[in-house]
Amino acid sequence: KFGSMPQILVWLGYLELFGFLAIINMQEGKTDRKPGDFGLRGFYPADAKGQYDMQVKELRNGRLAMLAFSGIATVGVLTQEKWPF
């Protein structure tokens, strides 16, 4: 009847729980983890300049994505068309 949606919801709930616990540890000063740092370093540069460049690229990509979504939402409101276009 529901398909796989309940299972997806449960697994995403577990991920959110572990992320929340990591944030609590960071706020209490029990770790030196920075916000957004989940320890996934497979393609991350080893030197400081490469890390800085990667962080700037990530910020620019996020900002571009926010602008793109705001444009899509604005067009949706102005044209009253269904989502997605």
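Preceding this paragraph is the structure being described.
Please read all numbers here as calculations on a predicted model, not as lab measurements. (Residues numbered from 1 in each chain as written. Predicted model: local features only at pLDDT ≥ 70, side-chain atom pairs only at ≥ 80, totals over all residues. Heavy atoms only, no water.)

1. Considering the overall build of the protein
Next, step 1: A count of helical and extended segments in the protein gives 2 helices and 0 strands.
Next, step 2: Rg of the C-alpha trace for the protein: 19 Å, well past the compact-globule value of 12 Å for 85 residues, more than 25% over.
Next, step 3: Based on the C-alpha atoms only, the size of the protein along its principal axes is roughly 50 × 40 × 25 Å.
Next, step 4: With the model as given, the accessible surface of the protein reaches about 8,100 Å², and the carbon-plus-sulfur share is 66%.
Next, step 5: Distance between charge centroids for the protein: 3 Å, based on 10 positive and 8 negative side chains. (Helix = DSSP H or I, 4+ residues; strand = E, 2+ residues; numbered from the N terminus. Rg over C-alpha atoms; globule rule 2.2 N^0.38 Å. Areas by Shrake-Rupley, 256 points an atom, 1.4 Å probe, with all protein chains shown as cover. Lys, Arg positive; Asp, Glu negative; His and termini not counted. Charge placed at Lys NZ, Arg CZ, Asp CG, Glu CD.)

2. Details of unusual backbone geometry
Next, step 1: In this structure, Gln80 takes a positive phi of about 60° despite not being glycine.
Next, step 2: Along the polypeptide, Gln80 turns up in the segment after α2 (48-79).

3. Overview of the packing of aromatic side chains
Next, step 1: Within this structure, the stated rule accounts for 1 aromatic pair.
Next, step 2: Summarising the aromatic geometry, the rings of Trp11 and Tyr14 are spaced 5.8 Å apart at their centres and angled 70° between planes, so their arrangement reads as edge-to-face. Taken together, the residues Trp11 and Tyr14, both in helix α1 (residues 5-27) and 3 residues apart, mark about one turn of the helix.
Next, step 3: By relative accessible area, Trp11 is classed as exposed at 54%.
Next, step 4: Take Tyr14: its relative accessible area is 42%, and that puts it in the partly exposed class. (Phe/Tyr/Trp six-rings, centres within 6.5 Å; stacked < 30°, edge-to-face > 60°. Buried < 20%, exposed > 50% of the residue type's maximum accessible area, 1.4 Å probe, protein only.)

4. Thoughts on the pattern of salt bridges
Next, step 1: In total, this model carries 2 salt bridges according to the counting rule given.
Next, step 2: Among the ionic pairs, Lys30 bridges to Glu28, the shortest N-O distance being 3.0 Å.
Next, step 3: When the shortest N-O distance is used, the salt bridge between Asp53 and Lys49 registers 3.2 Å. Taken together, the residues Asp53 and Lys49, both in helix α2 and 4 residues apart, mark about one turn of the helix.
Next, step 4: Accessibility expressed as a relative area gives 31% for Asp53, which makes it partly exposed. (Salt bridge = Lys/Arg side-chain N within 4 Å of Asp/Glu carboxyl O.)

5. A word on α2
Two residues of an α-helix separated by three or four positions point the same way, owing to the 3.6 residues in each turn.
Next, step 1: Between its terminal C-alpha atoms α2 stretches 47 Å, which fits the 46 Å expected from 32 residues at 1.5 Å a residue.
Next, step 2: Gln80, located one to two residues past α2, shows a positive phi value of around 60°. (Expected span 1.5 Å × (residues − 1).)

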